[in-house]
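Below, each chain spelled out in residue letters.
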Amino acid sequence: MAAEQIKCLIIGSGPAGYTAAIYAARADLKPVMYTGLEPGGQLTTTTEVDNFPGYPDGIDGPSMMVQLQQQAERFGTEVRIGMVTSVDFSDKVGGIHKVTVDNNKEIEAETVIISTGATAKYLGLPSEQKLRGGGVSACAVCDGFFFKGQRVAIVGGGDTAAEEATYLANICEHVTMLVRKDYLRASKAMQHRVNSRENLTVLYNTEVDEVLGDQVVEGLRMLNNVTGEKQEIDITGLFIAIGHKPNTDIFKGQLDMDSTGYVITENKSTKTNKPGVFASGDVQDKEYRQAITAAGTGCMAALDAERYLATVETEVEA
Ligand code: NDP
């Protein structure tokens, strides 16, 4: 079967992908989006989204993604369920990028916007998985507010855990931070912030043994990995901040990435090392990781794609 030829392919359907789609469609790039395995992205696993401007009463994550999809479709984006399984990006300006969907459909795209996001890592304990959405969360900035004035715990010793622990300490009565080693991996500045909070206790050499509670989190059984001692505390929220994995496996060998697999973009743009291929959202951002920042870079990617196509067309005409 002959490959389908399109101007703009968007891979991934979170806030970055949909915002790119809205802008690309309005610029008449006739974008086609493949949603991936988790249509709507990470926000569909959150309950209330209270920090996206324009929703004074908040909105639940899945509803917000439906609205973003409708907005993208209103301007002509074609949203398709499907998974991009391999890519062959051109090195040339004006080159055609070959993409395979679901291992059997071939697409040739003049521009590609990658917005495949990242996946938060979890510990993998059955009790943790059971209580996801019932007090276990991987995003303090998204869900911390629901635990205002309560006692919570956070797992991790990197910059994210340190930053989120201090964020939680501003809202919650008390925060217990569980660090599996005898030191924090976080930067000195972050460590200082953690150590300066009176309502934040750091427990080193400490891991989660079990999350307690049936429907919602009621407590935590912790294990000291040096002494083998177990201890229980009462908490209502458990935040997991042990890192994210960018969803970039299919781009390995094609795009420049950092040591953890985040796509590297050029300066303040969304340009990757391949002309006509752009990256937006969490797939290229390990620092901010918010729906609103992802949406912002989605907009940038569509503008970068539009400008790239205009340059290519001018060069062809000249
Ligand atoms: P990191 O990979 O830096 O840290 C992960 C932390 O989680 C480590 O302390 C690690 O422990 C711990 N961990 C991993 N797996 C487990 C597990 N199964 N059980 C218990 N603990 C575990 O991830 P971050 O998300 O913190 O940061 C990612 C990158 O983003 C870093 O480069 C960071 O500097 C950057 N960043 C910068 C920020 C800033 O500058 N404002 C803010 C946020 C992130 P161990 O040390 O034992 O491996």
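Let us look at the structure shown here. As the structure is a computational prediction, the values presented were derived from the model and not from experiment. The written sequence of each chain sets the order in which its residues are numbered from 1. Local features are withheld for residues below a pLDDT of 70 in this predicted model, meaning they are given only at 70 or higher, and side-chain atom pairs are given and counted only at 80 or more; totals for whole chains, interfaces and linings count all residues. Side-chain calculation: all heavy atoms of the structure are included, whereas hydrogens and water are not.

1. As for the side chain of Glu128
Okay, step 1: Within the secondary structure, Glu128 sits in helix α3 (residues 126-130).
Okay, step 2: Here the term buried applies to any residue with accessible area under 20% of the maximum for its type, exposed to any over 50%, and partly exposed to those in between, with areas from a 1.4 Å probe on protein chains only. Positive charges come from Lys and Arg alone, negative charges from Asp and Glu alone, with His and the N- and C-terminal ends not counted. A side-chain nitrogen of Lys or Arg and a carboxyl oxygen of Asp or Glu constitute a salt bridge if their distance falls within 4 Å. Of the side chains bearing the opposite charge, Arg132 lies closest to the buried Glu128, which forms no salt bridge; the N-O distance is 6.7 Å.
Okay, step 3: Within the structure, the side chain of Glu128 is placed 2.7 Å from the backbone nitrogen of Leu123, a separation counted as a polar contact.
Okay, step 4: Other than its neighbours up to four places away in sequence, Glu128 contacts Tyr122, Leu123, Val136, Val211 and Ile240. Helix and strand assignments follow DSSP, with helices taken as H or I runs no shorter than four residues and strands as E runs no shorter than two, numbered in order from the N terminus. Under this definition, polar contacts are N or O atom pairs within 3.5 Å; protein pairs additionally need one hydrogen-donor-capable and one acceptor-capable atom, and for neighbouring residues in sequence, both atoms have to be side-chain atoms. Any pair of residues with heavy atoms lying within 4.5 Å of one another is described as a contacting pair.

2. Quick word on the state of the cysteines
Okay, step 1: By convention in this document, the label disulfide applies to cysteine sulfur atom pairs within 2.5 Å. Counted under the stated rule, the structure contains 1 disulfide.
Okay, step 2: Between the sulfur atoms of Cys139 and its disulfide partner Cys142 the distance amounts to 2.0 Å. Residues Cys139 and Cys142 are joined through a disulfide that is right-handed, its torsion about the S-S bond being 75°.
Okay, step 3: As a non-bridged cysteine, Cys8 has Cys299 as the owner of its nearest cysteine sulfur, 13 Å distant.

3. Some remarks on the environment of Ile22
Okay, step 1: Within the secondary structure, Ile22 sits in helix α1 (residues 15-26).
Okay, step 2: Placed 109 residues apart in sequence, Ile22 and Leu131 show a C-alpha to C-alpha distance of 35 Å.
Okay, step 3: Sequence-distant contacts of Ile22, defined by excluding residues within four places in its chain, comprise Leu68, Gln71, Ala72 and Phe75.

4. Quick look at the site of the ligand
Okay, step 1: Inspection of the region around the ligand gives 17 residues, with Gly157, Asp159, Thr160, Arg180 and Arg185 positioned closest.
Okay, step 2: One of the backbone N or O atoms of Gly157 is found 2.9 Å from an oxygen atom in the ligand.
Okay, step 3: A distance of 2.5 Å is found between an oxygen atom of the ligand and a side-chain nitrogen or oxygen belonging to Arg185.
Okay, step 4: The protein chains hide 75% of the 920 Å² of surface that the ligand would expose on its own.
Okay, step 5: The element that contributes the greatest number of residues to the shell around the ligand is helix α5 (residues 159-171), accounting for 3 residues.
Okay, step 6: Ten residues, namely Ala, Val, Leu, Ile, Met, Phe, Trp, Tyr, Cys and Pro, are considered nonpolar, four, namely Asp, Glu, Lys and Arg, are considered charged, and the remaining ones, Gly among them, are considered polar. In the shell around the ligand, the residues fall into 5 nonpolar, 5 polar and 7 charged. If a single non-hydrogen atom of a residue is within 4 Å of a molecule or strand, that residue counts as near it. Computed with the Shrake-Rupley method and a 1.4 Å probe, the accessible areas treat only the protein chains shown as cover for residues.

5. A few points about the nonpolar core
Okay, step 1: For the purposes of this section, nonpolar cores are sets of buried Ala, Val, Leu, Ile, Met, Phe, Trp, Tyr and Cys residues that join through side-chain atoms within 4.5 Å. Counting 28 residues, the largest nonpolar core has Ile10, Tyr18, Met64 and Ile113 as its most contacted members.
Okay, step 2: At the level of elements, β1 (4-11), α1, α2 (61-74) and α7 (291-317) are the ones that each hand at least two residues to this core.
Okay, step 3: It is α7 that contributes the most residues to this core, 8 residues altogether.
Okay, step 4: Excluding anything up to four places from it in sequence, Met64 contacts Leu43, Val49, Phe52, Tyr55 and Ile59.

6. Considerations on the sheet that holds strand β13 (residues 200-203)
Sheet strands associate in pairs through backbone hydrogen bonding, adopting either a parallel or an antiparallel arrangement.
Okay, step 1: Read across the open sheet, the 5 strands follow the order β10-β17-β11-β12-β13; overall the sheet is parallel. Strand pairing shows two members of the sheet lacking a second neighbour, β10 (136-137) and β13, which therefore form its edges.
Okay, step 2: For two strands to count as paired, DSSP must find a minimum of two bridges between them. As paired strands, strand β11 (residues 151-155) and strand β17 (residues 237-240) are joined by 4 bridges and run parallel to one another. In the strand pairing of β17, Val155 is matched with Ile240.

7. Structural notes on the sheet that holds strand β16 (residues 230-234)
Okay, step 1: A sheet is described by the order of its strands in space; here 3 strands give the open sequence β14-β15-β16, paired in antiparallel fashion. Each edge of the open sheet is held by one strand with a lone partner, namely β14 (206-212) and β16. Taken pair by pair, the neighbouring strands of this sheet meet at an average axis angle of 30°, ignoring direction.
Okay, step 2: The sheet contact formed by strand β15 (residues 219-224) and β16 spans 5 bridges and is antiparallel. Paired with Leu220 across the strands is Ile233, a residue of β16. The axes are straight lines fitted to the C-alpha atoms, using for helices just the contacting stretch, and the angles between their N-to-C directions are given from 0 to 180°.

8. Focus on α1
Okay, step 1: Helices are assigned an expected span. That span is 1.5 Å times one less than the residue count. Between its first and last C-alpha, α1 extends 17 Å over 12 residues, near the 16 Å set by a 1.5 Å rise per residue.
Okay, step 2: With respect to burial, α1 is a largely interior element, 10 of its 12 residues being buried.
Okay, step 3: Listed as buried for α1 are Pro15, Ala16, Gly17, Tyr18, Thr19, Ala20, Ala21, Ile22, Ala24 and Ala25.
Okay, step 4: The inward-facing, buried residues of α1 abut β1, β2 (32-34), α2, β5 (78-80), β8 (105-114) and α7.

9. Section: the environment of Leu309
Okay, step 1: Residue placement: Leu309 occurs in helix α7.
Okay, step 2: A relative accessible area of 4% means that Leu309 is categorised as buried.
Okay, step 3: Each C-alpha atom, one on Leu309 and one on Lys7, is 8.7 Å from the other, the two residues being 302 residues apart in sequence.
Okay, step 4: Leu309 has contacts with Lys7, Leu29, Glu110 and Thr111, leaving out every residue within four places of it along the chain.

10. Re the packing of aromatic side chains
Okay, step 1: Under the pairing criterion, centres of Phe, Tyr and Trp rings, with the six-membered ring standing for Trp, must be within 6.5 Å; the plane angle then separates stacked pairs below 30 degrees from edge-to-face pairs above 60, leaving the rest tilted. Scanning all chains against the criterion turns up 4 aromatic pairs.
Okay, step 2: Their ring planes at 85° and their centres at 5.5 Å tell us that Phe147 and Phe239 sit as a pair that is edge-to-face. Of this pair, Phe147 sits in the loop between α4 (140-143) and β11 while Phe239 sits in strand β17; the two residues are 92 residues apart in sequence, bridging distant segments of the chain.
Okay, step 3: In this structure Phe239 comes out as buried when scored by relative accessible area, which is 0%.
Okay, step 4: With a centroid separation of 6.1 Å and 70° between ring planes, the pair formed by Phe278 and Tyr308 is classed as edge-to-face. With Phe278 in strand β19 (residues 277-279) and Tyr308 in helix α7, the pair connects residues that are 30 residues apart, well separated along the chain. Comparing Phe278 with Tyr308, the two get one shared label, buried.
Okay, step 5: In this structure, Arg26 packs its charged tip against the face of Phe75, placed 4.8 Å from the ring centre.
Okay, step 6: We count a charge as sitting over a ring when the NZ of a lysine or the CZ of an arginine lies within 6 Å of the ring centre and within 35 degrees of the ring normal. Against the face of Tyr122 rests Arg132, its NZ or CZ located 3.9 Å from the ring centre.

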